[in-house]
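One letter stands for each residue in the lines below.
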Amino acid sequence: MAEVDKEALKSCAACKKQVTKAKRYYRNGRYYCNENCWRKAKQKAAAEAAEAASAE
Ligand SMILES: [Zn+2]
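What you see is a predicted model; the values in this text were computed from it and never measured. (Residues numbered from 1 in each chain as written. Predicted model: local features only at pLDDT ≥ 70, side-chain atom pairs only at ≥ 80, totals over all residues.)

K.L.:
Mind showing me how you'd approach the overall build of the protein chain here?
P.N.:
The secondary structure content of the protein chain amounts to two helices and four strands. Ordering the α and β elements of the protein chain from the N terminus gives α-β-β-β-β-α. Burial statistics for the protein chain: of 56 residues in total, 16% are counted as buried. At a minimum sequence separation of 6, the contacts of the protein chain that also span at least 24 residues come to 12%. (Helix = DSSP H or I, 4+ residues; strand = E, 2+ residues; numbered from the N terminus. Buried ≥ 20, exposed ≤ 12 C-beta atoms within 10 Å, placed from the backbone. Contact = placed C-beta atoms within 7 Å.)

K.L.:
How do you make sense of the confidence of the model for the protein chain when you look at a structure like this?
P.N.:
Detailed conclusions should not be drawn from predicted coordinates in areas where pLDDT is low. Of all residues in the protein chain, 86% have pLDDT values of 70 or greater, and the mean over the chain is 85. Averaged pLDDT values over the elements of the protein chain bottom out at 50 in helix α1 (residues 2-6) and peak at 94 in helix α2 (residues 35-55). (pLDDT = per-residue confidence, 0-100.)

K.L.:
How do you make sense of the environment of Lys-17 when you look at a structure like this?
P.N.:
One can find Lys-17 in the loop between β1 (10-11) and β2 (18-19). For Lys-17, the residues in contact, after removing those within four places along its chain, are Ser-11, Cys-12 and Cys-33.

K.L.:
When you look at α2 in this model, what are you seeing that I'm missing?
P.N.:
Helical geometry note: an α-helix holds 3.6 residues per turn, so side chains three or four residues apart project in the same direction. For α2, which comprises 21 residues, the first-to-last C-alpha distance of 30 Å matches the rise-based estimate of 30 Å (1.5 Å per residue) to within 8%. Here α2 lies mainly on the outside; two of its 21 residues are buried. (Expected span 1.5 Å × (residues − 1).)

K.L.:
Could you clarify how one ought to interpret unusual backbone geometry in this entry?
P.N.:
Phi at Lys-16 is positive, roughly 70 degrees, even though this residue is not glycine. Looking at the secondary structure, you find Lys-16 in the loop between β1 and β2. Phi at Asn-28 is positive, roughly 50 degrees, even though this residue is not glycine. Looking at the element boundaries, Asn-28 is found in the loop between β3 (25-27) and β4 (30-32). Looking at Asn-28, the number of C-beta atoms within 10 Å reads 10, which means it is exposed.

K.L.:
Whenever I open this one, the nonpolar core confuses me. Can you help?
P.N.:
A general feature of soluble globular proteins is that nonpolar side chains tend to end up buried together. Listed in full, the nine residues of the largest apolar core are Cys-12, Ala-13, Ala-14, Val-19, Tyr-31, Tyr-32, Cys-33, Cys-37 and Trp-38. Those elements that provide at least two residues to this core are β4 and α2. Every residue in contact with Trp-38, bar those within four places of it in the chain, is listed here: Ala-14, Tyr-25, Arg-27 and Tyr-32. (Core = buried A, V, L, I, M, F, W, Y, C linked by C-beta atoms within 7 Å.)

Spelled out as structure tokens, the structure:
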């Protein structure tokens, strides 16, 4: 059981799926399941930032 915890199953910051240590894609302090999710999260963050900026 402890072995599973040590494998550090992180959640993908984009789709919230669990990312295994072997498959993790680490960018800017967060884990993603692949490059695709990383790009998706980056676009979403950029869109939210633009929205927040235009709302002010
Ligand atoms: Zn993902």
